[in-house]
Amino acid sequence: MVRNEKGDRRERELVNRLDEAGFAVMRAPASGAATTRELPDVLAGDGDVFYAVEAKSSAGDPIYLTGEEVEALVYFSQSFGARPKIGVRFDREDWYFFHPSDLHVTDGGNYRVKKETALDEGDTIPDLRAAGEGDDDADVEGVLQAVARGVLSVEEATEML
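Residues numbered from 1 in each chain as written. Predicted model: local features only at pLDDT ≥ 70, side-chain atom pairs only at ≥ 80, totals over all residues. Heavy atoms only, no water.

**Q** For the overall build of the protein chain, give the residues involved together with the corresponding values.
**A** The secondary structure content of the protein chain amounts to six helices and eight strands. Counting all 161 residues of the protein chain, 40% fall into the buried class. In the protein chain, the share of contacts with a sequence separation of at least 24, taken over all contacts with a separation of at least 6, comes to 58%. Per element, the accessible surface of the protein chain, about 8,800 Å² overall, is 46% carbon and sulfur. (Helix = DSSP H or I, 4+ residues; strand = E, 2+ residues; numbered from the N terminus. Buried < 20%, exposed > 50% of the residue type's maximum accessible area, 1.4 Å probe, protein only. Contact = heavy atoms within 4.5 Å. Areas by Shrake-Rupley, 256 points an atom, 1.4 Å probe, with all protein chains shown as cover.)

**Q** Tell me about the sheet that holds strand β6 (residues 95-98), and name the residues and values.
**A** Sheets are built from strands paired through backbone hydrogen bonds, the pairs being either parallel or antiparallel. Spatial strand order, β1-β2-β3-β5-β6: five strands in an open sheet with mixed pairing. Of all the strands in the sheet, the pair left with one neighbour each is β1 (24-27) and β6. Direction aside, neighbouring strands of the sheet carry axes that sit 25° apart on average. Across four bridges, strand β2 (residues 42-45) lies against strand β3 (residues 50-58) in antiparallel orientation. (Pairing = 2+ DSSP bridges. Axes fitted to C-alpha atoms, helices over the stretch in contact; angles between N-to-C directions.)

**Q** I'd like a rundown of the environment of E121, residues and numbers included.
**A** Of note, E121 is situated in helix α3 (residues 115-121). Taking C-alpha positions, E121 is 8.4 Å from F98, a pair spaced 23 residues apart along the chain.

**Q** An account of the pairing of strand β5 (residues 83-90) is requested, with residue identities and associated values reported.
**A** Taken across its eight residues, β5 has eight buried, putting it largely inside the fold. Residues of β5 alternate between two faces, with R83, K85, G87 and R89 on one and P84, I86, V88 and F90 on the opposite face, all of them buried. Taken together, the eight bridges between β3 and β5 define a ladder with parallel strand orientation. What sits directly across from S58, in β5, is F90. Two elements, β5 and β6, share four bridges in a ladder whose sense is antiparallel. Residue I86 lies in a different strand from β6, and its bridge partner there is F98. Between β5 and β6, which pair antiparallel one after the other, the connecting turn spans four residues, and R92 there sits at a positive phi close to 65°.

**Q** Any chance you could break down the pattern of salt bridges for me, citing the residues and the numbers?
**A** Tallied over the full model, the rule gives eleven salt bridges. In this structure, E11 engages R27 in a salt bridge whose closest nitrogen and oxygen atoms are separated by 2.6 Å. Of the two residues, E11 is situated in helix α1 (residues 3-20) and R27 in strand β1; the sequence distance between them amounts to 16 residues. Overall, the relative accessible area of 27% leaves R27 in the partly exposed class. We note a salt bridge from D94 to R17, for which the minimum N-O separation is 2.5 Å. Highlighted residues: D94 in the loop between β5 and β6 and R17 in helix α1, separated in sequence by 77 residues. Residue classification places R17 among the partly exposed residues on the basis of a relative accessible area of 29%. One connected set of salt bridges, linked through shared partners, spans R10, E13, R89 and D91. (Salt bridge = Lys/Arg side-chain N within 4 Å of Asp/Glu carboxyl O.)

**Q** Tell me about the packing of aromatic side chains, and please be specific about residues and values.
**A** Applying the stated criterion to the full structure yields two aromatic pairs. Consider the rings of F23 and Y51, whose centres lie 6.0 Å apart with planes at 70°: the pair is edge-to-face. A residue pair is termed long-range when its members are at least 10 positions apart, and F23 in the loop between α1 and β1 and Y51 in strand β3 qualify at 28 residues. Note on accessibility: F23 and Y51 belong to one class, buried. Here the aromatic rings of F76 and F80 are separated by 5.3 Å at their centres, their planes lie at 15°, and the arrangement is stacked. With a gap of four residues between them, F76 and F80 both fall in helix α2 (residues 67-80), about one helical turn apart. We note R129 situated over the ring of F23; from NZ or CZ to the ring centre the distance is 5.3 Å. (Phe/Tyr/Trp six-rings, centres within 6.5 Å; stacked < 30°, edge-to-face > 60°. Lys NZ or Arg CZ within 6 Å of the ring centre and 35° of its normal.)

Structural data, given as structure tokens:
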């Protein structure tokens, strides 16, 4: 199967799973290489909480994202009013989600998620639903961690908070 076809299939799967969980959800048809605009793969919301998701899947381990992908997600999320999430799915596993500030940053400035980390520390779709029920302190902590790691500038964090 062509690599892009598998990614498209996984994104559609994620959209369906989020829809089943009660989110209003759409796949951004112009995400990835189809446009010069930096768009997330999936947008989801339930009226209380909104997410911009960059979705990645892998048969193996680990999953890598470029620093540019993560920065674009954070920038879009800030502009749109959504929480940025990296959604990862390993073969024969469920979807797991991370705030960009929770990812391991490599020496080269890229981001990495290992399968073990996803299974042990990742948020699940039910966790995303529960976040709309008063998780403001976790958002503040995540934004502050993003500043500390250099993912967000102080000015960007101020606007988000």
